[in-house]
Amino acid sequence: MYFADTPTGLIQKFEYSQDFRTFVKRDSNMIFNNVGEPDGATVDIENNYWSARVRGKCVICIDTINEKIIEKIDLPTNTPTCVTSVSYTHLTLPTNREV
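Being a predicted model, the structure only gives us computed values, none of them experimental. (Residues numbered from 1 in each chain as written. Predicted model: local features only at pLDDT ≥ 70, side-chain atom pairs only at ≥ 80, totals over all residues. Heavy atoms only, no water.)

J.: Explain the sheet that holds strand 6 (residues 58–63) to me, please; I cannot follow it from the model alone.
T.: Sheet strands pair by backbone hydrogen bonding; their relative direction is either parallel or antiparallel. Pairing within the open sheet is antiparallel, and its four strands lie in the order 4-5-6-7. In the strand order of this sheet, the two ends are held by strand 4 (37–43) and strand 7 (68–74), each with one partner. Geometrically, the sheet is characterised by an average inter-axis angle of 25 degrees between neighbouring strands, direction not taken into account. When strand 4 meets strand 5 (residues 48–54), the two strands line up antiparallel, connected through five bridges. Bridge pairing in strand 5 places P38 opposite R53. (Pairing = 2+ DSSP bridges. Helix = DSSP H or I, 4+ residues; strand = E, 2+ residues; numbered from the N terminus. Axes fitted to C-alpha atoms, helices over the stretch in contact; angles between N-to-C directions.)

Quick look at the structure:
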């Protein structure tokens, strides 16, 4: 499980028990400069983390094992708010009205 802390820019990793009663924070260094702040996200079938970047005009794809950006998609809006679905041919995300 992941938590994107927009004010600090940190994306944190957590493990959880099978009954969802216990959460354990894992070491994570997923802070990326010059691409805005993390907001909503989703994980794809290959366990990559797709992060909408508020004030960054982009969506980034992060390899969750190496914690590196493996793809960046520039957008015509400053405020992508969440990645709602990812497939091999489509990316779906809502934005604020500001362009």
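J.: How do you make sense of the side chain of R53 when you look at a structure like this?
T.: Along the chain, the position of R53 falls in strand 5. In this structure, R53 is buried with no salt-bridge partner, the nearest side chain bearing the opposite charge being E37 at 7.4 Å. (Buried < 20%, exposed > 50% of the residue type's maximum accessible area, 1.4 Å probe, protein only. Lys, Arg positive; Asp, Glu negative; His and termini not counted. Salt bridge = Lys/Arg side-chain N within 4 Å of Asp/Glu carboxyl O.)

J.: I tried to follow the packing of aromatic side chains on my own but got confused; where do I start?
T.: Geometrically, a pair of aromatic rings is defined through the distance of the ring centres and the angle of the planes. Applying the stated rule across the entire model yields three aromatic pairs. Considering the side-chain rings of Y16 and F20, the 4.9 Å spacing of their centres and the 20 degrees angle between planes classify their relative orientation as stacked. Ring centres of Y16 and F23 lie 6.2 Å apart, and the angle between their planes is 45 degrees; this geometry places the pair in the tilted category. With relative accessibility at 42%, the residue Y16 sits in the partly exposed group. Every member of this aromatic cluster is reached through a ring pair, and the members are Y16, F20 and F23. (Phe/Tyr/Trp six-rings, centres within 6.5 Å; stacked < 30°, edge-to-face > 60°.)

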